[in-house]
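Residues per chain, in single letters:
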Amino acid sequence: EAVVSTQSTGKDAATYDCYDYTWVVTEDVGAWTKADSATTCYSVSDNDQCNAPAADAGENDWTSSNGGCGACADANNAMCITSASTTAFLSSLIALVAAFYTLM
């Protein structure tokens, strides 16, 4: 399994973007919030992936790793979503926003 890093591997690796998330509490309600700026990830394989919290992940259900670069550390953790780089990630983000909207 290749590890995608936020640091260059020393070779001429292509880059792609992922987003990190932080837990933010507003008016006593917590939610994972996407960073304003993307993390630059370095390809180490042809399988560029990002990780993000699931829509229903609580504060202790998911841990950010590598600024969102790479697959979920635990592939069996239902609270972590692994997706292809930015394009597929945007689809997951739309679902995440829709889920939070229904909670309001």
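Let me sum up the structure you'll find in this document. All of these numbers come straight from a predicted model, not from anything done at the bench.

### Focus on the pairing of strand E2 (residues 21-26)
Note: E2 against strand E3 (residues 29-34), six bridges, orientation antiparallel. Within the sheet, the bridge partner assigned to threonine 26 lies in E3 and is valine 29. The antiparallel pairing of E2 with E3 creates a hairpin that spans two residues between the two strands, and glutamate 27 there sits at a positive phi of about 50 degrees.

### A few points about the state of the cysteines
Going through the model one piece at a time under the given rule, you end up with three disulfides. Disulfide pairing is shown between cysteine 41 and cysteine 69; the S-S distance is 1.9 Å. Between cysteine 41 and cysteine 69 the sulfur-sulfur dihedral comes to about -80 degrees; the bridge is accordingly left-handed. Of this pair, cysteine 41 sits in strand E4 (residues 39-42) while cysteine 69 is found in the loop between strand E5 (49-53) and strand E6 (80-84), placing the two residues 28 residues apart along the sequence. Take cysteine 41 and cysteine 69: they sit in the same class, and that class is buried. Between the sulfur of cysteine 72 and that of cysteine 80 lies a disulfide, 2.0 Å long from S to S. A torsion of -90 degrees about the S-S bond marks the disulfide between cysteine 72 and cysteine 80 as left-handed. Cysteine 80 matches cysteine 72 in its accessibility class, with the two residues each being buried. Regarding the disulfides, the chain carries the connectivity 1-3, 2-4, 5-6 under sequence-order numbering of its bonded cysteines.

### Concerning the environment of serine 65
Relative to the assigned elements, serine 65 resides in the loop between E5 and E6. Here the alpha-carbon distance between serine 65 and alanine 52, two residues 13 residues apart in the chain, equals 9.1 Å.

### A short note on the nonpolar core
Proteins that are soluble and globular tend to have nonpolar side chains buried together. Counting residues in hydrophobic clusters, the biggest one holds nine residues: Tyr21, Trp32, Ala52, Ala54, Ala57, Trp62, Cys72, Met79 and Cys80. If you look at the next biggest cluster of nonpolar residues, it comprises five residues, including Tyr16, Cys41, Cys50 and Cys69.

Procedures and definitions
- Residues numbered from 1 in each chain as written.
- Predicted model: local features only at pLDDT ≥ 70, side-chain atom pairs only at ≥ 80, totals over all residues.
- Heavy atoms only, no water.
- Pairing = 2+ DSSP bridges.
- Helix = DSSP H or I, 4+ residues; strand = E, 2+ residues; numbered from the N terminus.
- Disulfide = S-S within 2.5 Å.
- Buried < 20%, exposed > 50% of the residue type's maximum accessible area, 1.4 Å probe, protein only.
- Core = buried A, V, L, I, M, F, W, Y, C linked by side-chain atoms within 4.5 Å.

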